[in-house]
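Coordinates in review
Read off the chains here:
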Amino acid sequence: MPYLSESAEAYAAEMARDHQVGGNHYQKSIQPWDYMEVVLTEEQFKGYLIGNVIKYISRFQDKGGIVDLEKCSHYLDKLKEVWKNKCLRLKILKISSSS
């Protein structure tokens, strides 16, 4: 299992959903990716995030420049949160099953 270098509290302090890159058009009571995270499987949601990372990193030189790089980073931050949460859940399961 990957080593968890940060506590849950440390990385949860600033979550990717707490800010938006490139405008305020998604300032809703529930963010679209919060809803997607609920209705999609974990693998589907990670695929959505990875797809957006690929989209923004692939087009930044021809379309959005620094804003696309910031969007790419934003989706990558969310993907890291999802991965860290999974690792934390696995670590908790491992601890509870060995008790």
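In this text, all values refer to a predicted model and were calculated from it rather than measured experimentally.

In the structure shown here, the tally under the stated rule is four aromatic pairs. On the basis of an interplanar angle of 25 degrees and a centroid distance of 6.0 Å, the ring pair of Phe45 and Tyr48 is categorised as stacked. A residue pair is termed a helical-turn pair when its members lie 3 or 4 positions apart in one helix, as Phe45 and Tyr48 do in helix α3 (residues 42-59) at three residues. Aromatic side chains Tyr48 and Tyr75 sit 6.0 Å apart centroid to centroid with 80 degrees between the ring planes, which places their arrangement in the edge-to-face category. In this pair, Tyr48 is assigned in helix α3 and Tyr75 in helix α4 (residues 66-98), connecting sequence segments 27 residues apart.

Another aspect to go through is the confidence of the model for the protein. Per-residue pLDDT for the protein has a mean of 81; in total, 71% of the residues score no lower than 70. Across the protein, α3 holds the top mean pLDDT of 96, while helix α1 (residues 8-12) sits lowest at 44. Contacts of residues 1-13 to residues separated by more than four positions or lying in other chains number 18 contacts, the stretch itself having pLDDT below 50.

Scoring rules and cut-offs
Residues take numbers from 1 onward in each chain, read along the sequence in its written order. Two thresholds apply to this predicted model, a pLDDT of at least 70 for residue-level local features and 80 or more for giving and counting side-chain atom pairs, whereas whole-chain, interface and lining totals are computed over all residues. Remark: hydrogens and water are excluded; side-chain values derive from all non-hydrogen atoms of the structure. Note on aromatic contacts: the rings of Phe and Tyr and the six-membered ring of Trp form a pair at centre separations within 6.5 Å, being stacked when their planes are under 30 degrees apart, edge-to-face when over 60 apart, and tilted otherwise. The helix count covers DSSP runs of H or I at least four residues long, the strand count covers runs of E at least two residues long, and both are numbered beginning at the N terminus. As a per-residue measure, pLDDT tells how confident the predictor is, with possible values from 0 to 100. Contacts between residues were defined by any pair of non-hydrogen atoms, one from each residue, lying within 4.5 Å.

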